[in-house]
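Okay, here's what each chain looks like letter by letter:
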Amino acid sequence: MSNDIETGIVDGVMTIRLNRAHKKNAITSDMYGQMAKALEHSRTHADVRACLLLGSPGIFTAGNDIADFLAVAMTGQRGSMAVFDFLKEIIKSEKPIVAGVDGAAIGVGTTMLMHCDYVVASDRSTFRTPFVDLGLVPEAGSSLIGPRIMGHHRAFELLALGEEFTAEDAKSAGFVNRIYSSGAVEEAAMTVARKLAAKPPEALLLSRNLVRGDREDILIRMEEEAEIFLGRLKSDEAKKAFMAFMNRGK
Ligand code: COA
């Protein structure tokens, strides 16, 4: 197990930090596995009352590790399914999730935010899902909740056209709550997480469930997307895009 994910629980807040800055916090299977375990703990243990997702100063995450994608593309094997464990946990989560974003949030770095309850971003943050350019399709249930959150046209712009959203764009699209300067983001996110952790937990759970609604359709969509996504990983379009990224600058 690597140190690429750091977790800790203080005052009822479980912090899950992406800690692989030299690779722009690109998420490996091992990291998805660790995040899934942390979220599972938060769902099943009363010592956690709120979760806080953080990246590093200047980078939230560059999304899925493209070397892992390439390995699936080249071997034809499904590879680790840890990403789906993580996505299922974030969709099924029973504790509120706050995210603090500073810098780029790419691919799953953006789609995971759609499952959070409160997102704080720095003014230099950017949000991008280049799925189609990589020969892939949207994941994490984003093809269903993206349009719900921001309407078809903006969801299409983000998820299919692959345009980059600024923090202001993301706020007006509805998946960022507040914008701060980069130095103030983590403190602001932690303040919200602590506030949630101090609330009566049963009333909070019931209220959150009412606001979020039933999540079964999102889980079903995530599975449908995953089938297509896994097929696309082995497509010529995807192989070409992964090779281009891995060989850039060479
Ligand atoms: N998977 C694997 N490695 C990645 C990565 C990813 N998604 N994103 C960045 N890295 C690695 C780079 O290969 C590089 O490693 P190296 O130093 O061993 O060569 C290191 O992280 C730094 O990245 P670099 O591209 O040099 O930094 P940058 O500041 O010029 O650009 C990004 C940062 C995030 C804009 C750029 O790396 C990028 O576009 N990454 C891919 C994003 C993506 O398409 N993700 C998949 C979404 S589905």
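Please refer to the structure higher up on the page.
Values in this document were obtained by computation on a predicted structure and should not be read as measured data.

## Quick word on the side chain of Ser125
Next up, step 1: Relative to the helices and strands, Ser125 resides in the loop between strand S7 (118–122) and strand S8 (126–128).
Next up, step 2: Here Gly103 takes part through its backbone nitrogen, which lies 3.1 Å from a polar atom of the side chain of Ser125.
Next up, step 3: Within the local environment of Ser125, its side chain forms a polar contact with the side chain of Ser122, the two groups lying 2.9 Å apart.
Next up, step 4: Those residues within four positions of Ser125 in sequence are excluded, and the remaining contacts are Val101, Asp102, Gly103, Phe165, Thr166 and Ala167.

## Structural notes on a positive patch on the surface
Next up, step 1: Together, Lys171, Arg178, Lys195 and Lys199 line one region of the surface with positive charge.
Next up, step 2: Along the polypeptide, Lys171 turns up in helix H6 (residues 167–173).
Next up, step 3: Judged by relative accessible area, which is 38%, Lys171 ranks as partly exposed.

## Let's talk about the packing of helix H2 (residues 66–75) against helix H10 (residues 236–246)
Next up, step 1: Interaxial distance between H2 and H10 falls to 10 Å at its minimum, and their mutual angle equals 140°. Accordingly, the angle class assigned to the pair H2 and H10 is oblique. Here H2 runs over H10; the crossing is left-handed. Here H2 contributes Ile66, Ala67, Phe69, Leu70, Ala73 and Met74 to the contact with H10, which in turn contributes Lys239, Phe242, Met243, Phe245 and Met246.

## Side note on unusual backbone geometry
Next up, step 1: Despite not being glycine, Asp11 shows a phi value in the positive range, around 50°.
Next up, step 2: Position of Asp11 relative to the elements: it lies in the loop between strand S1 (5–10) and strand S2 (13–18).
Next up, step 3: By relative accessible area, which is 59% here, Asp11 ends up exposed.
Next up, step 4: With phi around 55°, Asn25 is a residue other than glycine that occupies positive phi space.
Next up, step 5: By relative accessible area, Asn25 is classed as buried at 0%.

## Focus: the pairing of S7
Next up, step 1: Of all five residues in S7, five are buried; the element is thus mostly enclosed.
Next up, step 2: Pairing of S7 with strand S10 (residues 178–180) involves three bridges; the strand directions are parallel. What sits directly across from Ala121, in S10, is Ile179.

## Considering the pattern of salt bridges
Pairs may arise between side chains of opposite charge once their charged atoms sit close together.
Next up, step 1: Scanning the model with the defined rule gives 12 salt bridges in all.
Next up, step 2: Residue Arg43 is joined to Glu89 by a salt bridge in which the shortest nitrogen-to-oxygen separation is 2.9 Å. Taken together, the residues Arg43 in helix H1 (residues 29–44) and Glu89 in helix H3 (residues 82–92) connect sequence positions 46 residues apart.
Next up, step 3: Assessed through its relative accessible area of 25%, Arg43 is described here as partly exposed.
Next up, step 4: According to the relative accessible area criterion, Glu89 is buried, its value standing at 8%.
Next up, step 5: A salt bridge links Arg128 to Glu164; the nearest nitrogen and oxygen atoms lie 3.9 Å apart. Taken together, the residues span a long stretch of sequence, with Arg128 in strand S8 and Glu164 in the loop between helix H5 (142–159) and strand S9 (165–166) at a distance of 36 residues.
Next up, step 6: A relative accessible area of 31% places Arg128 in the partly exposed class.

## Considerations on the site of the ligand
Next up, step 1: Near the ligand there are 16 residues, and of these Lys23, Ala62, Asn64, Ile66 and Arg248 occur at the shortest range.
Next up, step 2: Measuring from a nitrogen atom of the ligand, one finds a backbone N or O atom of Asn64 at 3.1 Å.
Next up, step 3: One nitrogen or oxygen atom from the main chain of Ile66 is found 2.8 Å from a nitrogen atom belonging to the ligand.
Next up, step 4: Coverage of the ligand by the protein chains reaches 65% of its 860 Å² of free accessible surface.
Next up, step 5: Its atoms largely coinciding with the cavity grid, the ligand occupies the largest pocket.
Next up, step 6: Residue classes in the shell around the ligand are distributed as eight nonpolar, three polar and five charged.

## Focus on the environment of Leu159
Next up, step 1: Within the secondary structure, Leu159 sits in helix H5.
Next up, step 2: Between the C-alpha atom of Leu159 and that of Arg128, which follows or precedes it by 31 residues, the distance is 8.1 Å.

## With respect to the state of the cysteines
Next up, step 1: The tally for this structure, following the rule as stated, stands at zero disulfides.
Next up, step 2: Between Cys51, a free cysteine, and Cys116, which holds the nearest cysteine sulfur, the sulfur-to-sulfur gap is 9.4 Å.
Next up, step 3: With relative accessibility at 1%, the residue Cys51 sits in the buried group.

The rules behind these values
Residues numbered from 1 in each chain as written. Predicted model: local features only at pLDDT ≥ 70, side-chain atom pairs only at ≥ 80, totals over all residues. Heavy atoms only, no water. Helix = DSSP H or I, 4+ residues; strand = E, 2+ residues; numbered from the N terminus. Polar contact = N/O pair within 3.5 Å; in protein donor to acceptor, adjacent residues only side chain to side chain. Contact = heavy atoms within 4.5 Å. Patch = residues over 30% accessible without salt bridge, like charges linked within 9 Å, V, L, I, M, F, W, Y side chains within 5 Å. Areas by Shrake-Rupley, 256 points an atom, 1.4 Å probe, with all protein chains shown as cover. Salt bridge = Lys/Arg side-chain N within 4 Å of Asp/Glu carboxyl O. Lys, Arg positive; Asp, Glu negative; His and termini not counted. Charge placed at Lys NZ, Arg CZ, Asp CG, Glu CD. Buried < 20%, exposed > 50% of the residue type's maximum accessible area, 1.4 Å probe, protein only. Axes fitted to C-alpha atoms, helices over the stretch in contact; angles between N-to-C directions. Parallel < 35°, antiparallel > 145°, perpendicular 65-115°, else oblique. Left-handed = near helix turned anticlockwise from the far one by under 90°. Pairing = 2+ DSSP bridges. Near = heavy atom within 4 Å. 1 Å grid on protein atoms, 1.4 Å probe; cavity = no way out; pocket = protein on both sides within 12 Å on 5 of 7 lines; lining within 4 Å. Sits in = over half its atoms within 2 Å of the grid points. Nonpolar A, V, L, I, M, F, W, Y, C, P; charged D, E, K, R; others polar. Disulfide = S-S within 2.5 Å.

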